[in-house]
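Next come the chains, spelled out residue by residue.
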Amino acid sequence: MTSGAAEKQALPSPAEGVEPPAAVGHLSPDELVRQMTLEEKLAQLVGVWVNASTDGDSVAPLQNEMAGDARSWEDVISAGLGQITRMYGTVPLEPLEGARRLAAAQEQIMAASRFRIPAQVHEECLAGLAAWKATAFPVPLAWGATFNPVLVRRMAGLIGGQMRQLGVHQGLAPVLDVVRDLRWGRVEETIGEDPYLVGTLASSYVKGLEAAGIVATLKHFVGYSASRAGRNHAPVSMGPREIADVMLPPFELAIKDGGARSVMHAYTDTDGIPAAANRALLTSLLRDEWGFAGTVVADYFGIAFLNATHGVAADSGEAAALALAAGVDVELPTVNCYGTPLLGRVRSGEVPESLVDTALLRVLRQKQEAGLLSPDFDPAPPALAAGAIDLDPAAHRALAREIAAQSLVLLSNRTHDDGPSLPLPAAALASLGVVGPLAQDPFAMLGCYSFDAHVGASHPEVPMGIRVPTVAGAAAERFGRIRTAATGTCEAISDPHILEACRLASVVDTCVIVVGDNAGLFGRGTSGEGNDAADLRLPGDQHRMLDQVLTAAEAAGTRTIVVVLSGRPYALGDFAGRAGAIIQGFFPGEEGAEALWDVLTGAVSPSGKLPVSVPRTSGGQPGTYLHSRLAGPSGVSALDPSPLFGFGHGLSYTTFDFSCHTASGPTMTTSGAITVGCTVANTGLVDGAEVVQLYLEDPVGEVVRPVRELIGYARVDVAAGASAHVEFTVHADRTSFTGVDLKRVVTPGLVKLHVSTSSSRDIHTHELILHGGRRVVGFDREMLTPVTVTPLQAY
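Residues numbered from 1 in each chain as written. Predicted model: local features only at pLDDT ≥ 70, side-chain atom pairs only at ≥ 80, totals over all residues. Heavy atoms only, no water.

## Quick notes on the overall build of the chain
Then comes step 1: A count of helical and extended segments in the chain gives 20 helices and 29 strands.
Then comes step 2: Structurally, the chain occupies a C-alpha span of about 90 × 65 × 55 Å along its principal axes.
Then comes step 3: Per-residue burial over the chain gives 62% buried out of 795 residues.
Then comes step 4: When contacts within the chain are restricted to residue pairs at least 6 apart in sequence, long-range pairs at least 24 apart make up 80% of them.
Then comes step 5: Summed over all atoms, the accessible surface of the chain reaches about 27000 Å², with 52% contributed by carbon and sulfur.
Then comes step 6: Measuring between centres, the 58 positive side-chain charges of the chain sit 3 Å from its 85 negative side-chain charges. (Helix = DSSP H or I, 4+ residues; strand = E, 2+ residues; numbered from the N terminus. Buried < 20%, exposed > 50% of the residue type's maximum accessible area, 1.4 Å probe, protein only. Contact = heavy atoms within 4.5 Å. Areas by Shrake-Rupley, 256 points an atom, 1.4 Å probe, with all protein chains shown as cover. Lys, Arg positive; Asp, Glu negative; His and termini not counted. Charge placed at Lys NZ, Arg CZ, Asp CG, Glu CD.)

What follows is the structure, encoded as structure tokens:
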């Protein structure tokens, strides 16, 4: 395919015995299904990766081995085409050049199709649009730390607007996997370890994307994050109850409340059944029980993996048959199984053509919703008509900075004779050192699915498409002369580098030590897809480096600030009592360094809360707060899995007081609701935000229940000296769980509602008796806990 505008091609003649359409471009999806040949139908169920290469670094698992259809572009599109894969997100490409290539491709596809149906175009958009020169927003784990659905929805709306300008119709985001093992490389792509936090923030992202006209794709359905031993693509050892109560609720919420129109199956198998071949999951549950009417798309090469890695199919044809029967509508990223292999199976009668028709109808209806079946569809993206497009405008950078600032979590803040370590007083900035392997590294800010880390790293000859200040660089711009030592990389730190960092830490008044991760793919980094960790020790030799620098600083009386910029939490138990302060950031995006200094200097009071627990030690059980009693600390095991800092933890530069705790009653029925309220006052000297968290405890259940689970939260911005009233409405459905009969139920008895500031710090507890009969609920249950925040003077 060339980069210039393609010549118009004459409408191909229909196959012998096939009538031409009565009115090209005016047919309904049902009419199209009736008139299409089998080849034309199958062409709508596949994508083509137009810019992909089979040499060099991969951006998808086993990409080089899964090259797919070897036919020419003209042959592949001869009967039409369902999707175009990542026109902008595969190689560094000027946005307008990508738009010209897309327009040419769409013109060729429409000319080759009897029905002039263009392709649906999809791109990755997990941390901003994954295209060269597009804003790199914070990663989803950072969204989780904000506990702010409003910001997440605004961000998604901006990303979706860019995609529409570039002629893109579908975004492969958000990720709704709930973290179960912190060693898993893709923790950075998740929103956190709690289903309710994941579900509500993912729903907000979906709403923003869908409101911009982009089809949001929920991934990975389901259980991927529970891969055994935290290894990518490993089997999932999880029973149906844990799947139902931990893994499925975010997807339910994003479909029911968010309105998502696409779902991507997971790579993994659960109890021996790969998700791509699981009809009980993709059809019986997703469609029949939940009523989902959108499309199910394959994770890249996921259908071919049924043969290549799972071993449940003998060849590509059988893999296609299994996936189609299970409910996978579209093969991505390119043609492997749904082309000739599936054609042969349908022709032989082994696969009913009705299955093809069912998938096709869903695909065409989605194209109709996107305007792709309109007779006046313009193959040229709107950006071409404008003649220019800025994918990283000031408004996007400003929002990226706001999200980054709200995502930074102040883990600890020791008090000295002259006050707390943070915020840094002006005098502390007069003699400032910034050291560590990530001090001068812009990639410390970027997650695996940011374009420059995901694709750009494989093109070192191409400059970064966006400005990404480093921690040291941003400090130098603000404060003038600083001292800095980079100490190698996060994977390889030499002794001379460590000695230089120690020397610097001993001669400055304040030393900021920056450690953490570099994101990459399949072994090209310490975090990201395929970069799973053996344990939760800081990567490389950073633990030894940090220990020695802190020792040197302690001897000299230097104020130390440890900044962790990573894709997962690491064990910090050896440093929590030694560092003056510790700040955790989760790949905060292109404005991350600026946001960090906003927080360090007190221009912004920290308000982030941990979306994942920070472990104390590097080994042991890499668990989450959402566990049963037996999974917690006990006297029958010498191993204590308690975290150093629990889910929901995060300090501020101000103080908050909680009072006026109310509940509308001591009882409710198993179909009723109750309101729980409190007043939050900012008793400090600076403005700040507190996240009020509401946890459910079910002391005696018919099955083992978690010690606690988050059922509601409210981010409350309160000015110094002001207060606000927070009120939650808790429906009995929010106490539901999967019972002994594997039905979701609400049961009578005692429950406790904990008003908290973290999973390990309760402020007040309400005891509540549910009375009435055991009640079965389903997809139509109440999944949200509505909350209102009212300034006290207006309350």
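There's plenty left to go through after this.
## Details of the environment of Leu792
Then comes step 1: Its place among the elements puts Leu792 in the segment after strand S29 (787–791).
Then comes step 2: For Leu792, a relative accessible area of 36% translates into the label partly exposed.
Then comes step 3: A sequence separation of 467 residues divides Leu792 from Ala325, and the C-alpha atoms of the two residues are 57 Å apart.
Then comes step 4: If near-sequence neighbours (up to four positions away) are discounted, Leu792 is found in contact with Thr679, Ser723 and Ala724.

## Details of the sheet that holds strand S14 (residues 483–485)
Then comes step 1: If you walk across this open sheet you meet the 6 strands as S10-S17-S16-S15-S13-S14, and the pairing is mixed. With one partner strand each, in any of the chains shown, strand S10 (409–413) and S14 form the two edges of the open sheet. Ignoring which end each strand starts from, the neighbouring axes of this sheet average 15 degrees apart.
Then comes step 2: The sheet contact formed by strand S15 (residues 510–516) and strand S16 (residues 559–565) spans 7 bridges and is parallel. Residue Ile513 lies in a different strand from S16, and its bridge partner there is Val562.
Then comes step 3: With respect to the sheet, helix H18 (residues 495–505) is in contact with strand S13 (432–435), S14 and S15, its orientation differing from that of S14 by roughly 155 degrees.
Then comes step 4: Contacting S13, S15, S16 and strand S17 (581–585), helix H20 (residues 592–600) crosses the sheet at an angle of about 150 degrees to S17. (Pairing = 2+ DSSP bridges. Axes fitted to C-alpha atoms, helices over the stretch in contact; angles between N-to-C directions.)

## A closer look at the pairing of S15
Then comes step 1: Most of S15 sits out of view: 7 of its 7 residues are buried.
Then comes step 2: Burial along S15 is two-sided: Thr510, Val512, Val514 and Gly516 facing one way and Cys511, Ile513 and Val515 facing the other are all buried.

## A word on the pairing of strand S26 (residues 749–758)
Then comes step 1: For S26, the tally of buried residues reaches 7 of 10 residues, placing the bulk of the element in the interior.
Then comes step 2: In the sheet, strand S21 (residues 688–697) pairs with S26 via 5 bridges, with the strands oriented antiparallel. Bridge assignment links Glu697 to a residue of S26, and that residue is Lys752.
Then comes step 3: Of the strand pairs in this sheet, S26 and strand S27 (residues 761–771) are connected by 9 bridges, and their pairing is antiparallel. Along S27, the bridge assignment pairs Val751 with Leu768.
Then comes step 4: The loop that links S26 with its antiparallel partner S27 comprises 2 residues.

## A look at unusual backbone geometry
Then comes step 1: With an omega of 5 degrees, the peptide bond running from Ala173 to Pro174 counts as cis.
Then comes step 2: Despite not being glycine, Phe147 has its phi angle at roughly 50 degrees, a positive value.
Then comes step 3: Phe147 gets classed as buried once you look at its relative accessible area, which sits at 0%.
Then comes step 4: The backbone of Asp271 shows a phi angle near 55 degrees, a positive value even though the residue is not glycine.
Then comes step 5: Following the sequence through the fold, Asp271 ends up in the loop between strand S7 (269–270) and strand S8 (273–274).

## Section: the packing of aromatic side chains
Each aromatic ring pair is summarised here by two numbers: the centre-to-centre distance and the angle between the ring planes.
Then comes step 1: Taken as a whole, this structure holds 16 aromatic pairs when the rule is applied.
Then comes step 2: Summarising the aromatic geometry, the rings of Phe147 and Phe647 are spaced 6.1 Å apart at their centres and angled 55 degrees between planes, so their arrangement reads as tilted. Remark: Phe647 occurs in the loop between H20 and strand S18 (656–663) and Phe147 occurs in the loop between helix H5 (140–146) and helix H6 (149–165); sequence separation between them is 500 residues. Here the two residues Phe147 and Phe647 agree in accessibility, since each one is buried.
Then comes step 3: Plain terms: the ring middles of Phe147 and Tyr713 are 5.3 Å apart, the flat faces sit at 90 degrees to each other, and that makes the pair edge-to-face. Taken together, the residues span a long stretch of sequence, with Phe147 in the loop between H5 and H6 and Tyr713 in strand S22 (residues 709–718) at a distance of 566 residues.
Then comes step 4: Overall, Tyr713 belongs to the buried group, its relative accessible area being 8%.
Then comes step 5: Ring pairing ties together the aromatic residues Trp49, Trp184, Tyr224, Tyr267, Tyr300, Phe301 and Phe305, which thus form one cluster.
Then comes step 6: Between Lys219 and the ring centre of Tyr449, over which it is positioned, the NZ or CZ distance is 5.4 Å. (Phe/Tyr/Trp six-rings, centres within 6.5 Å; stacked < 30°, edge-to-face > 60°. Lys NZ or Arg CZ within 6 Å of the ring centre and 35° of its normal.)

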